[in-house]
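# Structural description and commentary
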Amino acid sequence: MRDEMPASGAVPPQRSLRAVDSRSPAVTRAVALLEELARARRPVALAELARSLDLAKSTIANLCTALEATHMIRRVDGRWALGHKVVELGQGFLAGTDVVQEFRRAVAALCVGGRETVLLAVLDGTDVVYLARHDGSQPVRLAGDVGRRMPAVVTAPGKAMLACLPSDDLEARLALVDEMPLLTPNSHRTVDQLRRDLAMTRERGYAVDEEQNTEGITCLSVALPGQVETPAAVSVTLLTARLTPNLREVLLADMISLARELSRTRGF
């Protein structure tokens, strides 16, 4: 299970690239293709990529050929999947920052939070991208895989980071949300409902996903203070049935402490 959402859960489709203004269309399309393969998490046929990205098959074929030559993608039984070069680039990013190493050290030192599933995420446009995870000692594996991208509006880390944005930045990002993903009976139905949630998040200093993403799962998240250029947040995910008032209070204190500590780390 990924963060607050089953692995088989539906993810909103990519916006058409025809509506995207870019000075380098070929680069924009190549990146979108890589993101689509990462989202699919399986080999994808050329025709399916063309439909998802709203591009001609000939354009997709040319992009795939170029990306294959650089080992960014590979052929698998006539379909396309990410290549090993993507892993190298990801490792290069992680090697250039102390954030992940410090996250692991700091979470392991938490008396209570260290026993739970804890994640570190950053905000990229209207998406959340997970940089690191700590599994703890709980028998049920929860939360998202490292590198996973999800719509910010359906995650506690996403809401924590959105709530900390300057109003003009927030409005610009919310304007890109075409529709709210309806994943459970508790999911926000409208952007106005999300706005009210963000206002509450801002007031209390942390975000809560109370089964809005996955039934039976609650997530608490705190944004790292002072991160304007690269919003980031930490979160703890657990079964709702386990979340007593006392445990909630202790876990929030741990997340606040963790967020403050990580905000001073090189890389942020």
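To be clear, the structure that these remarks concern was listed above.
Residues numbered from 1 in each chain as written. Predicted model: local features only at pLDDT ≥ 70, side-chain atom pairs only at ≥ 80, totals over all residues. Heavy atoms only, no water.

## Notes on the overall build of the chain
The number of helices and strands found in the chain is 9 helices and 8 strands. A separation of at least 24 residues holds for 59% of the contacts in the chain among residues at least 6 apart in sequence. In the structure as shown, the chain presents an accessible area of about 13500 Å², 52% of it carried by carbon and sulfur atoms. (Helix = DSSP H or I, 4+ residues; strand = E, 2+ residues; numbered from the N terminus. Contact = heavy atoms within 4.5 Å. Areas by Shrake-Rupley, 256 points an atom, 1.4 Å probe, with all protein chains shown as cover.)

## Digging into the packing of helix H7 (residues 167-174) against helix H8 (residues 191-204)
Contact geometry for H7 and H8: axes closest at 13 Å, N-to-C directions at 150°. Compared by their axis directions, H7 and H8 come out roughly antiparallel. In this structure, the crossing between H7 and H8 has a hand that is right-handed. Only Val191, Leu194, Arg195, Leu198 and Arg202 of H8 make contact with H7, whose side of the interface consists of Leu170, Glu171 and Leu174. (Axes fitted to C-alpha atoms, helices over the stretch in contact; angles between N-to-C directions. Parallel < 35°, antiparallel > 145°, perpendicular 65-115°, else oblique. Left-handed = near helix turned anticlockwise from the far one by under 90°.)

## Section: the nonpolar core
Within the largest apolar cluster, 30 residues are counted, with the highest numbers of intra-cluster contacts made by Phe103, Leu120, Val234, Leu251, Met255 and Leu258. Listed by contribution, the elements that provide at least two residues to this core are helix H5 (99-108), strand E3 (117-124), strand E4 (127-134), strand E7 (217-223), strand E8 (232-239) and helix H9 (245-262). Per-element accounting of this core gives the leading share, 7 residues, to H9. Residues contacting Phe103, with those up to four places away along its chain left out, are Val118, Leu119, Leu120, Ala132, Arg133, His134, Val234, Leu258 and Leu262. Ranked by size, the runner-up nonpolar core spans 23 residues in total, among them Met161, Val177, Leu194 and Ala223. (Core = buried A, V, L, I, M, F, W, Y, C linked by side-chain atoms within 4.5 Å. Buried < 20%, exposed > 50% of the residue type's maximum accessible area, 1.4 Å probe, protein only.)

## A look at the sheet that holds E3
In spatial order, the strands read E5-E4-E3-E8-E7-E6; together these 6 strands make up an open sheet with antiparallel pairing. With partners counted over all chains shown, the strands left at the sheet margins are strand E5 (149-151) and strand E6 (207-210), one partner each. Each strand of the sheet is rotated relative to its neighbour by a mean of 30°, with strand direction disregarded. Sheet topology places E3 next to E4; 7 bridges connect them, and they run antiparallel. If you follow Asp124 over to E4, its bridge partner there is Asp127. Relative to E4, H5 is tilted by about 55°, and along the sheet it contacts E3, E4 and E8. (Pairing = 2+ DSSP bridges.)

## A short note on the environment of Glu210
Considering the arrangement of structural elements, one finds Glu210 in strand E6. Along the sequence, Glu210 and Thr240 sit 30 residues apart, while their C-alpha atoms lie 7.9 Å from each other. The contact partners of Glu210, leaving out residues within four places of it in the chain, are Asn186, Ile217, Thr218 and Arg248.

## Side note on the pattern of salt bridges
A full pass over the atoms with the stated rule returns 15 salt bridges. Notably, a salt bridge pairs Asp197 with Lys159, separated by 2.7 Å at the nearest N-O pair. Here Asp197 is found in helix H8, whereas its partner Lys159 is found in helix H6 (residues 156-163), with 38 residues between them in sequence. Here the two residues Asp197 and Lys159 agree in accessibility, since each one is buried. Across the salt bridge formed by Glu171 and Arg195, the nearest N and O atoms sit 2.6 Å from each other. A residue pair is termed long-range when its members are at least 10 positions apart, and Glu171 in helix H7 and Arg195 in helix H8 qualify at 24 residues. On the accessibility criterion, Glu171 (36% relative accessible area) is partly exposed. (Salt bridge = Lys/Arg side-chain N within 4 Å of Asp/Glu carboxyl O.)

## Looking at the packing of helix H1 (residues 25-40) against helix H3 (residues 57-69)
Interaxial distance between H1 and H3 falls to 10 Å at its minimum, and their mutual angle equals 80°. Taken together, the axes of H1 and H3 are roughly perpendicular relative to one another. Facing Ala26, Arg29, Ala30, Leu33 and Leu34 of H1, the residues of H3 in contact are Thr59, Ile60, Leu63, Cys64 and Leu67. A class-by-class count of the residues in the contact of H1 with H3 yields 8 nonpolar, 1 polar and 1 charged. (Nonpolar A, V, L, I, M, F, W, Y, C, P; charged D, E, K, R; others polar.)

## Comments concerning the side chain of Arg133
Tracing the backbone shows Arg133 in strand E4. When its relative accessible area of 14% is taken as the criterion, Arg133 is described as buried. For Arg133, the side chain forms a polar contact with the side chain of Asp135, separated by 2.3 Å. (Polar contact = N/O pair within 3.5 Å; in protein donor to acceptor, adjacent residues only side chain to side chain.)

## Some points on H5
Residues of H5 that are buried include every one of Val99, Val100, Glu102, Phe103, Ala106 and Val107, and no others. One face of H5 carries all of its buried residues, which in axial projection span an arc of 160°. Residues Gln101, Arg104 and Ala108 are exposed on H5 and point more than 90 degrees away from its buried face. (Arc of directions from axis to C-beta.)

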